[in-house]
Amino acid sequence: MLLNKYCSSSNLQRENVGFSLSFSSLKNSNELKSAVTVRYPKRKAAGLGGVVLASKEANNRPVLNVVFEPFEEVKKELLLIPSVPQASLARHKYTDQCEAAINEQINVEYNVSYVYHAMYAYFGRDNVALKGFAKVFKDSSVEERQHAEKLMDYQNKRGGKVMLQSMLIPLSEFDHAEKGDALYAMELALSLEKLNNEKLLNLHEMADKVNDVHLVDFIETEFLTEQVESIRKLSEYVAQLRRVGKGHGVWHFDQMLINNPVAA
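Residues numbered from 1 in each chain as written. Predicted model: local features only at pLDDT ≥ 70, side-chain atom pairs only at ≥ 80, totals over all residues. Heavy atoms only, no water.

## Notes on the overall build of the protein chain
Right, on to step 1. A tally of helices and strands in the protein chain yields seven helices and three strands.
Right, on to step 2. Listed by position from the N terminus, the elements making up the protein chain come as β-β-β-α-α-α-α-α-α-α.
Right, on to step 3. Pairs at least 24 apart in sequence give 63% of the contacts found in the protein chain among residues at least 6 apart.
Right, on to step 4. If you sum the accessible surface of the protein chain, you get close to 18000 Å²; carbon and sulfur atoms cover 54% of it. (Helix = DSSP H or I, 4+ residues; strand = E, 2+ residues; numbered from the N terminus. Contact = heavy atoms within 4.5 Å. Areas by Shrake-Rupley, 256 points an atom, 1.4 Å probe, with all protein chains shown as cover.)

See the structure below:
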């Protein structure tokens with residue numbers, strides 16, 4: 001509380017709240033040790049008063065007995081910064097286990113994308129000619145590849161190394177004697193999304209065990225909700241295709257995928 005340095009004394013009163021503040025004599029601002037007295041009015045039942053004293057010395061006391069000494073505490077972090085050019089400077093609290101798990105999930109996303117790409121090629125043939133199905137699987141392939149790239153960006157951000165792995169050769173024929181190609185391919189897509197969701201949940205569980213809260217948040221925010229929504233949408237597609245059979249209904253369903261895939 002700073003007063004005019006030329007004032008010798010000051011009294012502040014507010015009758016509506018029933019207290020008064022008084023300051024000791026001040027010659028200049030350098031002598032501001034500020035004894036602040038707060039007096040409350042006496043009550044009828046008992047005479048109660050309060051005095052609050054504030055001094056400059058009190059500001060130097062640690063709060064809750066915790067002293068923050070940044071230059072001392074940062075010394076241990078300085079020792080952990082790698083000096084070799086091959087090591088990441090950004091890596092912090094990122095375990096080898098998490099790094100390996102991210103690389104495995106990148107491989108999963110690329111393999112699922114590869115299968116969807118094969119489905120896109122199959123339904124785009126001239127003797128199959130289901131362009132709506134081809135469009136859905138092409139979009140799904142691009143989406144899974146984007147997921148893989150998002151994981152690669154995250155790996156680099158945390159200071160890990162992306163290690164791409166080999167991919168399995170997908171099927172090239174999706175016709176099924178009993179179900180037909182449309183229903184069989186959609187059931188396969190649903191199975192792929194559930195498998196991918198299981199892999200993501202395993203990655204989330206592993207990150208939680210090693211207390212990598214940043215990776216846990218990344219998986220929850222960027223993948224899990226979208227994965228559940230994809231499973232729901234494909235489940236509805238499978239249910240509808242089971243109703244329409246293998247004939248004209250498949251063609252009609254394909255037209256709905258072309259014109260309005262969300263409503264199909």
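## With respect to helix α6 (residues 213-244)
Think of an α-helix as 3.6 residues a turn; residues three or four steps apart then line up on the same face.
Right, on to step 1. For α6, with 32 residues, the first-to-last C-alpha span of 46 Å sits near the 46 Å given by 1.5 Å per residue.
Right, on to step 2. Of all bends in α6, the biggest is about 40 degrees, found at Glu220.
Right, on to step 3. In the stretch just after α6, Gly245 is the one whose phi turns positive, near 80 degrees. (Expected span 1.5 Å × (residues − 1). Bend = angle between axes of the 7 residues up to and from the residue.)

## Here we look at the pattern of salt bridges
Right, on to step 1. Under the defined criterion, the tally for this structure stands at 10 salt bridges.
Right, on to step 2. Of the charged contacts, one joins Asp212 and Arg158 as a salt bridge, the two residues approaching to 3.1 Å between their closest N and O atoms. Of the two residues, Asp212 sits in the loop between α5 (180-209) and α6 while Arg158 sits in the loop between α4 (131-157) and α5, which places them 54 residues apart along the sequence. Of the two residues, Asp212 and Arg158, both sit in the buried class.
Right, on to step 3. We note a salt bridge from Lys179 to Glu187, for which the minimum N-O separation is 2.6 Å.
Right, on to step 4. Residue class for Glu187 comes out buried when judged on its relative accessible area of 13%.
Right, on to step 5. Each of the salt bridges in this network shares a partner with another, and the network as a whole consists of Arg91, Asp96 and Glu99. (Salt bridge = Lys/Arg side-chain N within 4 Å of Asp/Glu carboxyl O. Buried < 20%, exposed > 50% of the residue type's maximum accessible area, 1.4 Å probe, protein only.)

## Digging into unusual backbone geometry
For residues other than glycine, phi is negative in most cases, and the peptide bonds are mostly trans.
Right, on to step 1. The phi dihedral of Ala129 falls on the positive side, at around 55 degrees, and the residue is not glycine.
Right, on to step 2. Within the secondary structure, Ala129 is located in the loop between α3 (96-123) and α4.
Right, on to step 3. We classify Ala129 as partly exposed; its relative accessible area is 44%.
Right, on to step 4. In the Ramachandran plot, Asn211 falls in the positive-phi region, its phi being about 65 degrees despite a non-glycine side chain.
Right, on to step 5. With respect to the helices and strands, the residue Asn211 is situated in the loop between α5 and α6.

## Observations regarding the environment of Lys179
Right, on to step 1. Assignment of secondary structure puts Lys179 in the loop between α4 and α5.
Right, on to step 2. Judged by relative accessible area, Lys179 falls into the partly exposed class, the value being 34%.
Right, on to step 3. Between the alpha carbons of Lys179 and Leu241 there is a distance of 9.4 Å; along the sequence they are 62 residues apart.
Right, on to step 4. Sequence-distant contacts of Lys179, that is, excluding residues within four places in its chain, are made with Tyr184, Glu187 and Lys246.
Right, on to step 5. At a separation of 2.6 Å, a polar atom in the side chain of Lys179 contacts the side chain of Glu187. (Polar contact = N/O pair within 3.5 Å; in protein donor to acceptor, adjacent residues only side chain to side chain.)

## Description of the packing of aromatic side chains
Right, on to step 1. For the coordinates displayed, the defined rule picks out nine aromatic pairs.
Right, on to step 2. With 5.3 Å between their ring centres and 20 degrees between their planes, Phe123 and Phe133 make a pair best called stacked. Of the two residues, Phe123 is situated in helix α3 and Phe133 in helix α4; the sequence distance between them amounts to 10 residues.
Right, on to step 3. Its relative accessible area of 0% is what places Phe123 among the buried residues.
Right, on to step 4. According to the relative accessible area criterion, Phe133 is buried, its value standing at 0%.
Right, on to step 5. Every member of this aromatic cluster is reached through a ring pair, and the members are Tyr116, Tyr122, Phe123, Phe133, Phe137, Phe174, Tyr237 and Phe253.
Right, on to step 6. The ring centre of Phe223 lies 5.8 Å from the NZ or CZ of Lys150, which sits over that ring. (Phe/Tyr/Trp six-rings, centres within 6.5 Å; stacked < 30°, edge-to-face > 60°. Lys NZ or Arg CZ within 6 Å of the ring centre and 35° of its normal.)

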